[in-house]
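Secondary and tertiary structure notes
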Amino acid sequence: MLFRSMRLVIYALVPAIAAHVMFFGPGLLVQLVLAVATALAAEAVALRLRGLPLRKFLTDGSAIITAMLIALCLPPLAPWWLVASGTAFAILLAKHLYGGLGSNPFNPAMVGYAVLLVSFPAQLTQWLPPQIAGLQTADLTFGETLHTIFSGSLPANLTWDAVTSPTPLNALRTNLAMGQTMQEAVSSPVFGMLGGRGWDWINLATLAGGVWLLAMRIIRWHVPVSMLAGIGIPAAAMYSIDPGAYPGPLFHLTAGASMLGAFFIATDPVSSATSHRGKLIYGAGIGLITYVIRTWGGYPDGVAFAVLLMNLAVPLIDRYTVPRIYGHERP
């Protein structure tokens, strides 16, 4: 049953991966291979050290999902050691240090990504502009992509300034900080009709995969809906108060890791709340913290930190929302 669920989650990520590759090139495919290989190797080492059977746990799919989520959060030209170290940290420390799958209090993928974000912020800002006319300044071949990932340097005729571009969330934060109005801030070609050009389609593709998981009953609606509401409601409120300084809810819902967080990260059954009411509180908390970090915090996106902070709150949420067993006192 676990393998079937994990396999369906992998299938559900395919539309997002395809959209990512279409807009940002084949770098993500390389990152996926690196992350999955590292995750399986780290899982095997941990299982061997713990004296557990390799075949049973290596084939359950959990390590692969963790690796895929980390790869999807990283820039497509991120150096190989960044992908490998973040994935290894997620598997060895965030998962097995606490006793393996089912015992980890924090989402392993978000622990690995957060460690990279805090430790190597410069490397995590090197995003490519979407491959759209007027935005793409340099079109790297697959060979040049491999060379960049494994050597850490671009081809001789290119510089990082010529190849990379700020993400829509980062560009919006920078433009608003410079005193521009919202209309001026989103006039850049990196912004589209809903959010960032390319990013809106990636989020919509992720939404499609998430809705399919709901239809297959692999996940429940409580966390995704409450998380998206936690982002969208305050965004709508602030936009109604001052539309010249705050973007609307559609921008926030189709930018960054909103859909990935709602359907694939926050729904982790191990580190999320237990009861339906608890899941609603848990998801809403993630959405609200994400919006606060995006709007007033020090990072353009806040999904990873929001998930980890609400992971901390899960025991308290469960304490007051899980119905007590009949005939027993509440623990």
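Residues numbered from 1 in each chain as written. Predicted model: local features only at pLDDT ≥ 70, side-chain atom pairs only at ≥ 80, totals over all residues. Heavy atoms only, no water.

1. Here we look at the overall build of the chain
- Along the backbone of the chain there are 16 helices and zero strands.
- Here the C-alpha radius of gyration of the chain, 20 Å, is about what a compact globule of 331 residues would show, namely 20 Å.
- With respect to the three principal axes, the spread of C-alpha positions in the chain is 65 × 50 × 35 Å.
- Among the 331 residues that make up the chain, the fraction classed as buried is 51%.
- Residue pairs at least 24 apart in sequence account for 74% of intrachain contacts in the chain once pairs closer than 6 positions are excluded.
- Of the roughly 15,100 Å² of accessible surface on the chain, 68% is carried by carbon and sulfur atoms.
- Across the chain, 17 positive and 12 negative side-chain charges occur, with their mean positions spaced 17 Å apart. (Helix = DSSP H or I, 4+ residues; strand = E, 2+ residues; numbered from the N terminus. Rg over C-alpha atoms; globule rule 2.2 N^0.38 Å. Buried < 20%, exposed > 50% of the residue type's maximum accessible area, 1.4 Å probe, protein only. Contact = heavy atoms within 4.5 Å. Areas by Shrake-Rupley, 256 points an atom, 1.4 Å probe, with all protein chains shown as cover. Lys, Arg positive; Asp, Glu negative; His and termini not counted. Charge placed at Lys NZ, Arg CZ, Asp CG, Glu CD.)

2. As for the nonpolar core
- Counting 65 residues, the largest nonpolar core has Leu74, Met110, Tyr113, Leu260, Phe264, Tyr282 and Ile286 as its most contacted members.
- Top contributing element to this core by residue count: helix α4 (residues 62-73), with nine residues.
- Counting twelve residues, the second largest nonpolar core, distinct from the first, contains Ala19, Leu128, Leu154 and Ala205. (Core = buried A, V, L, I, M, F, W, Y, C linked by side-chain atoms within 4.5 Å.)

3. Here's the deal with the side chain of Thr321
- You can see Thr321 is positioned in helix α16 (residues 303-321).
- Relative accessible area serves as the criterion here: at 7%, Thr321 is assigned to the buried category.
- Polar side-chain contacts of Thr321 include one of 2.6 Å to the backbone oxygen of Ile317.
- Contacts of Thr321, omitting those with residues within four sequence positions, involve Ser275, Arg277, Gly278 and Ile281. (Polar contact = N/O pair within 3.5 Å; in protein donor to acceptor, adjacent residues only side chain to side chain.)

4. Digging into the packing of α4 against helix α5 (residues 80-95)
- Taken N-terminus to C-terminus, the directions of α4 and α5 make an angle of 135°; their axes are 10 Å apart at the nearest point. When the axis of α4 is compared with that of α5, the two are oblique. By crossing handedness, the relation of α4 to α5 is classed as right-handed. Taken together, the residues of α5 that come into contact with α4 (itself represented by Ser62, Ala63, Thr66, Ala67 and Ile70) are Gly86, Thr87, Ala90, Ile91 and Lys95.
- When the residues that make up the contact of α4 with α5 are grouped by side-chain class, the tally is five nonpolar, four polar and one charged. (Axes fitted to C-alpha atoms, helices over the stretch in contact; angles between N-to-C directions. Parallel < 35°, antiparallel > 145°, perpendicular 65-115°, else oblique. Left-handed = near helix turned anticlockwise from the far one by under 90°. Nonpolar A, V, L, I, M, F, W, Y, C, P; charged D, E, K, R; others polar.)

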